[in-house]
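Take a look at the letters that make up each chain.
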Amino acid sequence: MGFRCGIVGLPNVGKSTIFNALTSAGAEVANYRFCTIQPNIGIVPVPDKRLDEISKLIHPKKVIPTTLEFFDIAGLVKGASKGEGLGNQFLDHIRNVDAIAHIVRCFENKNVAHDFDSLDPVRDIEVINTELILADIQTIDKRIIKLERMYRIGTKEASLELELCKEIQNILNQGQMASVFKPNEEQKKILQELHLITAKPIFYVANVDTKELKGEGSYLKAIKEWVDKEGSKMVVICGDLEAEISELKEEERDEFRRELGLEGSSLERLVRIGYEVLELVTFYTTVSLELRAWTIKKGTMAIKAAGKIHSDMEKGFIRAEVISFSDFISCGSEHIAKERGLLRLEGKDYKVQDGDIIHFRFNV
């Protein structure tokens with residue numbers, strides 16, 4: 001699994017349209033609030049040109065890409081943290097994802113209703129972010145009450161978590177995301193168990209029309225300025241256009257995008273941003289005529305990467321035989337890479353690099 005991505009935003013901003021274009025999962029799309037009650041889920045293979053290049057050289061019987069799981073979560077509204085629009089239920093769904101793609105409406109359409117009288121992408125972002133912060137304040141307040149009770153009866157383990165929760169509480173009460181807090185390794189474990197929504201990486205998807213796509217509108221400019229100021233990441237997608245492209249034959253899609261001046265598919269652009277904010281890398285294995293891609297956190301050591309494949313490989317780890325992607329492609333085969341001294345023997349503490357092709361040696 002690459003990562004689990006939750007698609008959120010106000011009602012009628014194009015979440016389900018974009019979800020369908022990305023996944024071809026056929027989620028219901030309609031012009032009324034809360035069309036999506038339970039999250040639509042779509043699992044798609046992550047586009048990977050390196051995987052294709054390796055495959056062309058070794059001709060495996062089976063190629064398995066890493067995958068990305070999308071959750072199309074129902075529209076959030078102002079007051080969601082207090083239960084408006086079944087908000088609490090929807091907010092709970094967001095807690096189960098690794099990253100959040102916040103869809104922001106940047107298109108005018110009189111036939112598609114909007115929660116407010118006017119279209120203002122920056123205001124819409126702030127409405128959703130405020131609801132996420134308020135939801136986290138409720139979570140952290142409840143946890144602090146419980147921890148203070150534990151602390152009073154002498155539970156030592158509560159001290160560190162209580163201190164952390166109060167720091168996070170202060171950040172949230174200032175209207176900032178929990179992700180502003182930079183935890184140490186010990187604090188990271190505690191933070192993960194709190195399941196705070198705003199501690200998750202969030203990036204923005206500007207859903208534009210063709211006018212904005214050509215740079216002729218003002219909405220995209222406004223959201224770009226806001227995202228740059230926040231230091232976030234953003235991808236621009238024309239949901240309606242991508243929906244049309246998804247209905248074309250595979251060989252026609254790239255040509256159509258080139259004519260429109262689009263760089264890659266919307267899925268490729270979204271995956272690239274997701275990997276950046278989550279700090280993920282991909283490595284490859286070629287075992288028993290099977291070529292497979294694996295996704296791990298940047299900085300993961302070889303022994304833990306082996307455990308990603310199978311726990312026995314981690315327990316009995318001996319070494320990792322590593323060839324970088326660029327070396328493998330330039331040599332054309334593992335055999336030639338070995339002859340040129342480009343196959344490296346790495347120990348358990350080796351930090352796996354993006355694009356590494358690895359064969360793990362281990363005791364059963």
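Computed from a predicted model, the values in this text were never measured in an experiment.

Counting its regular elements, the chain contains 15 helices and 12 strands. Counting only residues that meet the buried cut, the chain has 46% of its 364 residues in that class. Taking contacts inside the chain between residues at least 6 apart in sequence as the whole, the part at least 24 apart equals 68%. Per element, the accessible surface of the chain, about 18,900 Å² overall, is 48% carbon and sulfur.

Let us now look at the pattern of salt bridges. Within this structure, the stated rule accounts for 16 salt bridges. With its nearest N and O atoms 3.6 Å apart, the salt bridge here joins Glu69 to Arg4. Of this pair, Glu69 sits in strand E4 (residues 67–72) while Arg4 sits in strand E1 (residues 3–8), placing them 65 residues apart in sequence. Accessibility expressed as a relative area gives 26% for Arg4, which makes it partly exposed. Two residues, Lys233 and Glu276, come together in a salt bridge whose shortest N-O distance is 3.2 Å.

Here we take up the sheet that holds strand E5 (residues 99–106). Working definition: the strands of a sheet are paired by backbone hydrogen bonds and lie parallel or antiparallel to each other. Reading across the sheet, the 6 strands line up as E2-E4-E1-E5-E6-E7 and stay open at both edges, with mixed pairing between neighbours. Because the sheet does not close on itself, it has two edges, and the strands there are strand E2 (40–45) and strand E7 (234–237). Between one strand axis and the next, the sheet turns through 25 degrees on average, direction left out of account. On top of the sheet, helix H8 (residues 219–230) reaches E5, strand E6 (202–208) and E7; it is set at about 170 degrees to E6, its chief contact.

Relative to the helices and strands, Arg272 is located in helix H11 (residues 266–278). Classification of Arg272 as partly exposed rests on a relative accessible area of 42%. Once the C-alpha coordinates of Arg272 and Pro47 are considered, the two residues, 225 residues apart in sequence, prove to be 9.7 Å apart.

About the criteria used
Throughout, a residue's number is its position along its own chain's written sequence, starting from 1. Given that the model is predicted, a residue must reach a pLDDT of at least 70 before its local features are reported, and side-chain atom pairs must reach 80 or more before they are shown or counted; all residues, however, enter totals for whole chains, interfaces and linings. The side-chain values count all of the structure's non-hydrogen atoms but skip hydrogen atoms and water molecules. Only runs of H or I of at least four residues qualify as helices and only runs of E of at least two qualify as strands under DSSP, and these elements are numbered from the N terminus. Buried means the residue's accessible area, taken with a 1.4 Å probe over protein chains only, is under 20% of the maximum for its type, while exposed means over 50%, and partly exposed covers the values in between. Note on contacts: a residue pair is in contact if any heavy atoms of the two residues lie within 4.5 Å. Computed by Shrake-Rupley with a 1.4 Å probe, the accessible areas treat only the displayed protein chains as cover when residues are assessed. Here, a salt bridge means any side-chain nitrogen of Lys or Arg that lies within 4 Å of a carboxyl oxygen of Asp or Glu. Strands were regarded as paired on the criterion that DSSP finds at least two bridges between them. Comment: axis = line fitted to C-alpha atoms, over the contacting stretch for helices; angle = value between 0 and 180 degrees taken between N-to-C directions.

Just distances and angles here, no functional claims.
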